[in-house]
Amino acid sequence: MPVFKLPLSGDVVQSIYPSFFSPTGGQFGLVNITVGQSSAPEVEKDVLSDVASYGKQIGQVADALLAVIEHLEAHPEHALGLDKAIIAFKELMHSVATVKERHGRAACRPKRR
């Protein structure tokens, strides 16, 4: 449970949960948040509210990249399995899959380590 202290009486601690910030109009929840610079903030707001969250977008890109990597690794002339970035990405995908499965969600797990 967060500890709340009045102003000038010490630290104020507040837990912030992502679900608290749901897009409503031009503001998120009760607090106005700047989510970064964008050349088209209205497009970004509509994509987030009508299409998919950043996490879902990144998750689908990661799943697609994993499929491409595994397709390329099926050909013996490719040495992707030795690339540090590919190794790190696959470890990340294993960790993400573990968390998703713990929450009962479907997950793409790399076939080979």
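Refer to the structure above for everything that follows.
Only a predicted model underlies this, so the values are computations on that prediction, with no experimental measurement involved.

Rules and cut-offs
- Sequence order sets the numbering: in each chain, residues are counted from 1 along the sequence as written.
- Whole-chain, interface and lining totals are the exception, using all residues; otherwise, since this is a predicted model, local features are given only for residues with pLDDT of at least 70 and side-chain atom pairs are given and counted only at 80 or more.
- Excluded from the side-chain calculation are hydrogens and water; included are all heavy atoms of the structure.
- The helix and strand labels rest on DSSP assignments: H or I over at least four residues marks a helix, E over at least two residues marks a strand, and numbering proceeds from the N terminus.
- Note on exposure labels: buried denotes an accessible area under 20% of the residue type's maximum, exposed denotes more than 50%, and partly exposed covers the range between, all computed with a 1.4 Å probe on protein chains only.
- Should any heavy atoms of two residues lie within 4.5 Å, those residues are counted as being in contact.
- Here, the term nonpolar core denotes a set of buried Ala, Val, Leu, Ile, Met, Phe, Trp, Tyr and Cys residues that are joined through side-chain atoms within 4.5 Å.
- Expected helix span is computed as 1.5 Å times (number of residues minus one).
- Here the arc refers to the directions that run from the helix axis out to each C-beta atom.

**As for the overall build of the chain**
Line of reasoning, step 1. What the chain contains, in helices and strands, is 3 helices and 2 strands.
Line of reasoning, step 2. Helices and strands appear in the chain in the N-to-C order β-β-α-α-α.
Line of reasoning, step 3. Counting across all 113 residues of the chain, residues that qualify as buried make up 14%.
Line of reasoning, step 4. Counting only contacts in the chain whose residues sit at least 6 apart along the sequence, the fraction spanning at least 24 positions is 23%.

**Some words on the nonpolar core**
Line of reasoning, step 1. Formed by Ala62, Leu66, Ile69, Ile86, Phe89 and Met93, the largest nonpolar core amounts to 6 residues.
Line of reasoning, step 2. Elements represented by at least two residues in this core include exactly helix H2 (54–73) and helix H3 (84–102).
Line of reasoning, step 3. What Ala62 contacts, discounting residues up to four positions off in sequence, is Phe89 and Met93.

**Structural notes on H2**
Line of reasoning, step 1. Between its first and last C-alpha, H2 extends 28 Å over 20 residues, near the 28 Å set by a 1.5 Å rise per residue.
Line of reasoning, step 2. Turning to H2, its buried residues are Gly59, Ala62, Leu66, Ile69, Glu70 and Glu73. Looking straight down H2, one finds that the buried residues subtend no more than 90 degrees of arc, so they occupy a single side. Along H2, the residues that are exposed and aim more than 90 degrees away from the buried face are Gln60, Val61 and His71.

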